[in-house]
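Descriptive structure summary
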Number of protein chains: 2
Amino acid sequence: VASDILAALRATLGNDAVLTGDAIGPRYACDATGVAPKLPLAVLRPRTTEEVSAALQVCNAHRVAVLPQGGLTGLAGAATPLGGEIVLSLERLTGIEEVDPAAATITVRAGTPLQRVQEVADEAGYMLGLDLGARGSAQIGGNIATNAGGIRVIRYGMAREQVLGLEVVLADGTVMTSLNKMLKNNAAYDLKHLFIGSEGTLGIVTRAVLRLHPRPAGILTALCALPSYQAVVDFLRHAQRALGQVSAFEAMWNDAYRFVADRRADNPPMPVTHPFYVIIEHAGTDLEADAAAFETMLADAHGQGMLIDVTVAQSEKQARAMWVIREGVAEWEAVVGQIHLDVSMPIGTIGEFVEDCRGRLAARWPALIPTFYGHIGDSNLHVSLAPGTDDAGVRHAAEQTVYDTVRDFKGSISAEHGIGTLKREWLSYSRTPEEIALMHRLKTALDPNGILNPGKVL
Amino acid sequence: VASDILAALRATLGNDAVLTGDAIGPRYACDATGVAPKLPLAVLRPRTTEEVSAALQVCNAHRVAVLPQGGLTGLAGAATPLGGEIVLSLERLTGIEEVDPAAATITVRAGTPLQRVQEVADEAGYMLGLDLGARGSAQIGGNIATNAGGIRVIRYGMAREQVLGLEVVLADGTVMTSLNKMLKNNAAYDLKHLFIGSEGTLGIVTRAVLRLHPRPAGILTALCALPSYQAVVDFLRHAQRALGQVSAFEAMWNDAYRFVADRRADNPPMPVTHPFYVIIEHAGTDLEADAAAFETMLADAHGQGMLIDVTVAQSEKQARAMWVIREGVAEWEAVVGQIHLDVSMPIGTIGEFVEDCRGRLAARWPALIPTFYGHIGDSNLHVSLAPGTDDAGVRHAAEQTVYDTVRDFKGSISAEHGIGTLKREWLSYSRTPEEIALMHRLKTALDPNGILNPGKVL
C-alpha cells in the first residue's frame, strides 16, 4: 500500500517533490519541542497551491495521514511526526505576491519566513503586527495555523487579527481561495477563523492576505519595580488610560527576575529585592511629545504608590539591557532543563493563581524551583519549572499540578502555543464537553477520513 | 401539528412565555428593512439560557423553523418572519452579569440593549468599542449575531473584535458555554467565530464576554476638502502614520455632500464645490498635546497638496455640525425613498469603482441620482440610489447594476449589514462556489434539520 501511495504521489508531483528514505533530512523529523520523533513515510515539497491540492487528493483517496510542516518552531508538537505519515512541507511555496499600499495589505505564500514578510512590509513603509523570537525560521503559514502570539499582541493582537484573507486546501483537495483584502466583509460566514489556530487539522494554509499597520516613530521603554500583583494590574490600566495603549507590558515575579540576575556576570538594572518587575513599552508617533507623556504617566503611577522604583531607558542600549533580563528567563530555561508552560487566566486572578500554584508545588517538591513571568497585559502567564530531576514521572506530575491549578482558576492550558501533542491530555481542563464535541463535529464535517494531522489537538 | 408544538412549548416554558394570535404584537413581525412581513406561528420570550435550550429542543424535535430576534434594527432582513415559524425573542434575557475591571471585560445577556452595555462600561471607567446609530434599541446579541460595524470600526474593529467569550445554544438545544475572559486562549479551535456574523443560522447567542477599552480623554474633529480619491487614500495613510491611528475617517463624494447641503436650510460648513470631503476624528489622551499633533498633521497634508481646505472644530457644537452633514445622507435617504447599499472593496480601487458604477447607472437611467460615501478607512462604501420611481423592477435592476460592478471589482456585497434575505441572491458575487459549499457543510453539521433561521443568509 505504501508503495502505491508513493507511486501515485510521484506521478502527480514529480520525483523531486517526494522525498523518501535517506533523502528525508533530520529537519523534517523533529521540531522545537524536543519530542523524540518517528520517521514519516515521505516528505512532499509542493511548489504551488495546485500541487498541495493534488497531493491531498491522493492522500485522501488512500486514507493516509498528512502532516503539514512549516518552519518547525512550534512549541506544542503539532508538527512532530508520529511515524508513517506523509509530511507536507510548505518550504517551496514561498514568496510575497503583492504589497498593496492603499489597502495596507500584503499577500504572501505560506512558506515565507515571518522575517521576510516583516522586511517587505517595512520596505513599503508599513509594519507587520506579528513578531516573535523565531521570526527567522518560523513560516507565516505556520504562524497562522497556530494563531501565534508573541511580543506585539497587546497592541496589534495575535496572528488571527492580522489575517484578512486566506487560501486553504481542504482534506479532499478542494482549494478554498478567500484572498479578501477588505477590513469589512459580512458576506455570510467568515470561514478563515475555522482554520486559524486549528494546527493543520482542518485544512492546509497556502496563501494569506495580512493587514499592515503604520510604523511607529520610536519606542519608549521603562523598567519598573512594584510592591504587589494588584499594583501590576493597576499600573497596566493606568498606563493604558494615560497613553491610549501600550505596546508591551511584561511582568516578572521576583523569582523570575532573581533567577536571571543570579546567573548573569554583570549587575542587573535594578536590585533583586522587589516583589514585582514590569517592562513597559510605548510605541509613539512623536518622540518628544510621547516622551513627555510617558514620563508624566510614570511619575503619576509612582506618586499613587503603584511603583516603588522606575528607570526610563535613555538609549536603545539601555532598553536592550532591560529586555535581556526578560529574555534571559527563556534562555536560562533551556540551560537548566526547565519545563516551560504557557497558560492564561483572567488578569485579576493571576496573582492569586501564582501563590496557589507555588504552594501546591512546594508542598510536594520542596526542591523544585518555579519561576513566573509573562505578557500580563494579554492575560498570558508563563510558568517555568526546574524540577531538578530528569525523572519523567516527576516532570509530568509537576506539569499536572500546574494544570490542576489552571483548571481551578478557569484558565486556559494554552495561551499562545497551542495544543499539538503536548497538551492534548489536558484539553478538557479548559474546554467543556460541549465545546469538545462541537470541535469533533467540525473535524468530521471538514475531514471525514481523518487524514489531516491526526493525533494532534483533539 | 401546530397545536402540538404550541402545547409542548407552553408545557416547557409556561404560558406567558408563548405568545400567539392577537398577542403577537406588530414589533415581532417587522424590522428595519421595511420588507412586508408574514405572521409567525408564535413568539417565545425565554428568560434564561435554559429556557432557550428547552425551546430549541422542542422545535428541533418537531422540525419547526426558529427565528431568533433581537432589537429588530438589522438592515438585511435576517430577523424578518417569513411566516409560520417560531420567533424566539431575546427581550427578556437581559442584564449585565459582571464588569471585571482588572480583566477589562463586561459579561452581558444577549437581550441587553447596546446603549445599556455602553453605559455600564462607561460607569466602570471604560469604553465599549462598538457604537452605531440604533444603539438604543439594538440588542448586543443581535450585534454579535450580525457582526455589526458602525462608527468606531477603524479604531476598535467590528463586533467580532469585541467578543472574548460567548454562550450559544445549538439547534438541538445543546448549551455551549465559552465565557472566556482572556485575550489569549489557544486551547484548540476558537469556536465563537463560527457564530459571530452567522445571523442566527448556526446557533442562538445567549451571553457574551466583551472586552473593554480605555476611555479617550477627548476627541478632535476636522472637515477637509480634497481634490481626488487618490488624495483621500493618501490623506488616510498620512494621518494614521502621523497619529498612530484615527478614530473615524468618513469620506463623501461631492454628490453626497451636495445632496445634503441642498436640502438643508442653513449654510453648510464648507462650499459644495469640492470633489471630495472627509471628516476625520482623533480620539486622544492628552487634549493639548494631541491638538498640536492633529493640527501639524493637517498642515502637513495641506502643504503636500492632499487637502484643498480644512476646518478644525473648535467646539463640540462645531464638530456636531460637521457630523450632521454625514448623518444627513442617511436621514435624507429615508425621505426620498432611496435604495441604500453597503459594499466593500480594496481601498485603492474604491475611486475607480465609483466612476464605473456611476457610468453604468447613468447610461441606463439618466434621471437616477446616486450618492457615494462611507467608512473609507474600513474599505466600506455606502451607495445610495434615488431611482425616482417605485417600480420594483427598476429598483431591482439598479441594485443589480451596483452588485455587477462590485463583482467586477472583487468586492463584497455586504461590508457590515450582512446577507439576511435582501442580499441572498447575490451571495455568489462575493463568495466562490467552494466557500458557499463549505458554508452549507457547516450548516448541515451544526443544524442537520435546518431549523435555525431557514431562508436567510445561504
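Residues numbered from 1 in each chain as written. Chains lettered and ligands numbered in written order. Predicted model: local features only at pLDDT ≥ 70, side-chain atom pairs only at ≥ 80, totals over all residues. Heavy atoms only, no water.

**Focus on the overall build of chain A**
Counting its regular elements, chain A contains 15 helices and 17 strands. Its C-alpha atoms give chain A a radius of gyration of 23 Å, within 12% of the compact-globule value 23 Å for 458 residues. Counting only C-alpha atoms, chain A reaches 70 × 55 × 45 Å along its principal axes. Sequence-distant contacts, at least 24 apart, represent 73% of the contacts inside chain A between residues at least 6 apart. (Helix = DSSP H or I, 4+ residues; strand = E, 2+ residues; numbered from the N terminus. Rg over C-alpha atoms; globule rule 2.2 N^0.38 Å. Contact = heavy atoms within 4.5 Å.)

**Focus: the interface of chain A and chain B**
With 84 residues of chain A in contact, the opposing surface of chain B contributes 84 residues. For the pairing of chain A and chain B, the buried interface totals around 6400 Å² over both sides, and the portion due to carbon and sulfur atoms is 59%. Sorting the residues of chain A by area buried against chain B places A:Lys184, A:Asn186 and A:Tyr189 first, and these three jointly supply 16% of that buried surface. One can count 8 salt bridges joining chain A with chain B. Across the salt bridge formed by B:Lys184 and A:Asp378, the nearest N and O atoms sit 3.4 Å from each other. Across the contact surface, chain A and chain B share 39 residue pairs in polar contact (both at pLDDT 80 or more). (Buried area = accessible area lost by both parts, 1.4 Å probe. Salt bridge = Lys/Arg side-chain N within 4 Å of Asp/Glu carboxyl O. Polar contact = N/O pair within 3.5 Å; in protein donor to acceptor, adjacent residues only side chain to side chain.)

**Some remarks on the relation of the copies chain A and chain B**
The transformation that overlays chain A on chain B combines an axial shift of 0.0 Å with a rotation of 180°, and the residual RMSD is 0.0 Å. These values place the two chain copies in the arrangement generated by a two-fold rotation axis. In this assembly, 100% of the residues forming the interface of chain A have copies in chain B that are likewise at the interface, indicating an isologous arrangement. (Least-squares fit on C-alpha atoms with pLDDT ≥ 70 in both.)

**Things to note about the packing of helix 1 (residues 2-13) of chain A against helix 2 (residues 49-61) of chain A**
Residues and elements named next belong to chain A. Put simply, helix 1 and helix 2 touch, their axes get as near as 10 Å, and they point 160° apart. Taken together, helix 1 and helix 2 sit at an angle that is classed as roughly antiparallel. For helix 1 against helix 2, the interelement crossing comes out right-handed. Contacts from Ile5, Ala8, Leu9, Thr12 and Leu13 in helix 1 reach Glu51, Ala54, Ala55, Val58 and Cys59 in helix 2. Residue composition of the contact of helix 1 with helix 2, grouped by class: 8 nonpolar, 1 polar and 1 charged. (Axes fitted to C-alpha atoms, helices over the stretch in contact; angles between N-to-C directions. Parallel < 35°, antiparallel > 145°, perpendicular 65-115°, else oblique. Left-handed = near helix turned anticlockwise from the far one by under 90°. Nonpolar A, V, L, I, M, F, W, Y, C, P; charged D, E, K, R; others polar.)

**Structural notes on empty space enclosed by the protein**
Overall, the coordinates contain 8 cavities of 30 Å³ or more when judged by the stated rule. Empty space within the second largest cavity amounts to approximately 110 Å³. Lining the second largest cavity are 13 residues, and of these A:His193, A:Leu194, B:Asp190, B:His193 and B:Leu194 sit closest to its centre. Elements that contribute at least two residues to the lining of the second largest cavity include exactly helix 7 (192-195) of chain A together with helix 7 (192-195) of chain B. (1 Å grid on protein atoms, 1.4 Å probe; cavity = no way out; pocket = protein on both sides within 12 Å on 5 of 7 lines; lining within 4 Å. Points joined across faces, edges and corners; volume = space filled by probe spheres on them.)

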